[in-house]
Amino acid sequence: MKRRRLAAFITVSFTVVAILLTSQSIISAQKEGGKGDRDTPPPFYNPYPSGILPGDLNSEIARVLREIDLIEGETLVQLQTLPSPTLTGQPPILAHTGQRLNVLLGEAMNFDRNISPFKDRACAFCHMPYAGYSGPIPSVNLTMIGYPGSFQFRAGKRNAQRYPYSPSFPVLNFNETQQAFFGGAFWDSRATGYLLGSPDANQAQGPPVDTQEHALPDTACIAFRLQSALYKRFFIEVWGDAIDTIKFPHNSEEICETPGGAAVFGTSNMPIKLSSADRSIANDVYDHWGQSIDQYETSPDVSAFSSKFDAFLEGKYTMTSDEMAGYNLFRGKANCNSCHLDGRSTAPTPPAGTAPNSQDTGAAADTRPVFTCFGSANLGLPLNPRDAIFYQTTPDFFGFTANPFGFGFRDLGLGTFLRSGPGSWASPNDDWTQFAPSSDGKMQTSSARNVAMTPSQCPTTEAPGPYFQKQFFHNGYIKSLKQLVHFYNTRDVWAQPVTSGHCKAGTIEKVTCWPTPEVPNPNTLDMTIGKLGLTDTEENQIVAFLQTLTDGFTRPYPGINAFTGVCMTGGTAATQGNETLIPTPPLPPCATAICGVPPLPSSPIP
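How each quantity is defined
Residues numbered from 1 in each chain as written. Predicted model: local features only at pLDDT ≥ 70, side-chain atom pairs only at ≥ 80, totals over all residues. Heavy atoms only, no water. Helix = DSSP H or I, 4+ residues; strand = E, 2+ residues; numbered from the N terminus. Buried < 20%, exposed > 50% of the residue type's maximum accessible area, 1.4 Å probe, protein only. Contact = heavy atoms within 4.5 Å. Areas by Shrake-Rupley, 256 points an atom, 1.4 Å probe, with all protein chains shown as cover. Polar contact = N/O pair within 3.5 Å; in protein donor to acceptor, adjacent residues only side chain to side chain. Disulfide = S-S within 2.5 Å. Salt bridge = Lys/Arg side-chain N within 4 Å of Asp/Glu carboxyl O. Phe/Tyr/Trp six-rings, centres within 6.5 Å; stacked < 30°, edge-to-face > 60°. 1 Å grid on protein atoms, 1.4 Å probe; cavity = no way out; pocket = protein on both sides within 12 Å on 5 of 7 lines; lining within 4 Å. Points joined across faces, edges and corners; volume = space filled by probe spheres on them.

What follows covers the overall build of the protein chain. In terms of helices and strands, the protein chain carries 15 helices and six strands. Taking all 606 residues of the protein chain together, the buried fraction comes to 58%. Residue pairs at least 24 apart in sequence account for 74% of intrachain contacts in the protein chain once pairs closer than 6 positions are excluded. Total accessible area on the protein chain is roughly 24600 Å²; 57% of this is exposed by carbon and sulfur atoms.

Structurally, the position occupied by leucine 65 is in helix H2 (residues 57-81). Sequence-wise, leucine 65 and phenylalanine 125 are 60 residues apart; in three dimensions their C-alpha atoms are separated by 7.2 Å.

Moving on: the environment of threonine 580. Its place among the elements puts threonine 580 in the loop between helix H14 (536-546) and helix H15 (592-595). Judged by its relative accessible area of 15%, threonine 580 is buried. A sequence separation of 437 residues divides threonine 580 from threonine 143, and the C-alpha atoms of the two residues are 6.8 Å apart. With residues near it in sequence (within four places) discarded, threonine 580 still touches Leu142 and Arg386. At 3.4 Å, the side chain of threonine 580 forms a polar contact with the backbone oxygen of leucine 142.

A full pass over the atoms with the stated rule returns four disulfides. What pairs with cysteine 503 in a disulfide is cysteine 513, and their sulfur atoms sit 2.0 Å apart. With the S-S dihedral at roughly -80 degrees, the linkage between cysteine 503 and cysteine 513 falls on the left-handed side. Residue cysteine 503 is located in the loop between helix H13 (481-490) and H14, and its partner cysteine 513 is located in the loop between H13 and H14; the two are separated by 10 residues in the primary sequence. A relative accessible area of 19% means that cysteine 503 is categorised as buried. Here cysteine 590 engages in a disulfide with cysteine 595; their sulfurs sit 1.9 Å apart. Looking down the S-S bond of the cysteine 590 and cysteine 595 bridge, the torsion is 85 degrees, so its handedness is right-handed. Cysteine 595 matches cysteine 590 in its accessibility class, with the two residues each being buried. By sequence order of its bonded cysteines, the protein chain has the disulfide arrangement 1-2, 3-6, 4-5, 7-8. Unpaired in this structure, cysteine 373 has its nearest cysteine sulfur neighbour in cysteine 339, at a distance of 4.7 Å.

Attention now goes to the pattern of salt bridges. By the definition in use, this model includes 19 salt bridges. A salt bridge links arginine 63 to glutamate 60; the nearest nitrogen and oxygen atoms lie 2.9 Å apart. A residue pair is termed a helical-turn pair when its members lie 3 or 4 positions apart in one helix, as arginine 63 and glutamate 60 do in helix H2 at three residues. With respect to class, arginine 63 is no different from glutamate 60; both count as buried. The partner of arginine 121 in a salt bridge is aspartate 120, and the shortest N-O contact between them spans 3.9 Å. Here arginine 121 falls in the buried class, since its relative accessible area comes to 2%. Put simply, Arg158, Asp188, Arg190 and Asp411 are held in one network by salt bridges that share partners.

For the structure shown, the criterion picks out 37 aromatic pairs. Taking 6.4 Å as the distance between ring centres and 75 degrees as the angle between the ring planes, the aromatic pair formed by tyrosine 133 and tyrosine 557 counts as edge-to-face. Pair noted here: tyrosine 133 is in the loop between helix H3 (98-110) and helix H4 (138-142) and tyrosine 557 is in the loop between H14 and H15, with a separation of 424 residues, a long-range link. Of the two residues examined, tyrosine 133 and tyrosine 557, each falls in the buried class. These aromatic residues form a ring-pair network of at least three members: Phe309, Phe312, Tyr327, Phe330, Phe371 and Phe545.

Scanning the entire structure with this criterion turns up six cavities of 30 Å³ or more. The computed volume of the largest cavity comes to approximately 110 Å³. Around the largest cavity sit 17 residues that line it, and Ala122, Cys123, Pro207, Glu213 and His214 are the ones nearest its centre. Among the secondary structure elements, those contributing two or more residues to the lining of the largest cavity are helix H5 (199-204) and helix H9 (276-298). Each pocket or cavity is described by its volume, and for the second largest cavity that value is around 80 Å³. Along its surface, the second largest cavity is lined by Asn384, Pro385, Arg386, Gly476, Tyr477, Lys479, Ser500, Lys510, Gly577, Thr580, Leu581 and Ile582.

Limitation: the analysis is restricted to geometry and does not speak to function.
Right, here's the structure in full:
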């Protein structure tokens, strides 16, 4: 009996290995084939002064692409070995394995780098699991902030948000009572979810046609590339075979291998000429793309609820003294729990408790808290002159200019979106426009979960390490959790009327000097932080608590071991990354195309 079991196990193992090797060889051939579509590759776009692009950028891009291909191959194996679901019932349901099939389909799409003009960018390129599904290149996190897209080196303007728990955000809505927006996706909440009913699915539709990311010039390019995808039969199994009925013009590949924004397209956002019926099917395919990726991000593979904190809620983990002290501070003196809701009662406890020393006698309101209020806030972050977007002021090979405003660009976040301003999307609701001035500078309150997630071989985000260098907040200005907590604690204590890189002698930026906010609007600036009175020890205790929110404690976190790079060591968490600070140049006024769009900001933005 044991021999028969061993023989069966060996047979299955060889089959899985064979499938994996086959998948990898096909993936590799597909990538190499993509390189041959052009006679010569276009020259790199490099408008950057020395020091903005990290020296190891090319090798790090190659590393991440290898890791992406490995995970893609493993996902294809899982798809190929998953028993097919049974279509049954009324309404028809893919019974038994239908949900898992859709999750794996979303994962295959997420790690498919053919979904870009040069077949060199997947969604995962900016969102790898070992970094909490945020940026996977330490040197980029230290320097250029925005990740380089399919056409190198166009780059984005913001830090890549984390995937986990993002499906929990509701459709963007304005709360009349609180006079505040809640929900949506992206830092500026522009993925409202008004059509799909899911901001997360709506968000997944952004990067493929973002000029700085995948850079496809037409949403129909997704359907065109899926027609030859290795996982197409699984897409058809979930969503039907209408995708194969689309009659694409003969020049579709030529169009899809030209990045969006190219002068040849003019103002057209649908350069692939399809019949009305075929365009409708292609639009459905694009919706299904977002829906399957949303199901992947919703699944326990990504939003796992497997942290020490989850085990603590279940009575299966006892926090250390520092972790518990940090938790009490988090929901008490530090005021973190006002925005990053823990789903439990907040100290001080009635009727006589005194935070943070009182005993929390309140019952947990939610045993699956996502640590966000789903709202937005202007935290007063300084402008980060390292952000690559400021330097993309000249046309690239394809005649596209990402930022004609240069350092006249100001990231007004939600305020720009509500005005349908440059660099954002059009607002689907004119009734919201009036609230733009009270929303300037506001960015989405992300979940605090997995903020500390790092590869297993680099066990922390904090120097001296060994650590994995991450970036925090929308513009990547903060480089460690210690700095993050210290910013919340002392923003107003050490406020200086200078820009980054110009702190006065005798002060240390991010320690005893916080430069002026990028959007210093007193009507939108969050004044519930900035002078919390935390000691250095208390700051460190909050960092210790934040680390309990990392998934993978109660069960392994998929993809956490995919990292093949090198950990960093040395320095201190308080000054982490300060060696890469550069002086902000003299700033021109905020560009009229941004700050001059009605309704005007309630306070002038310099």
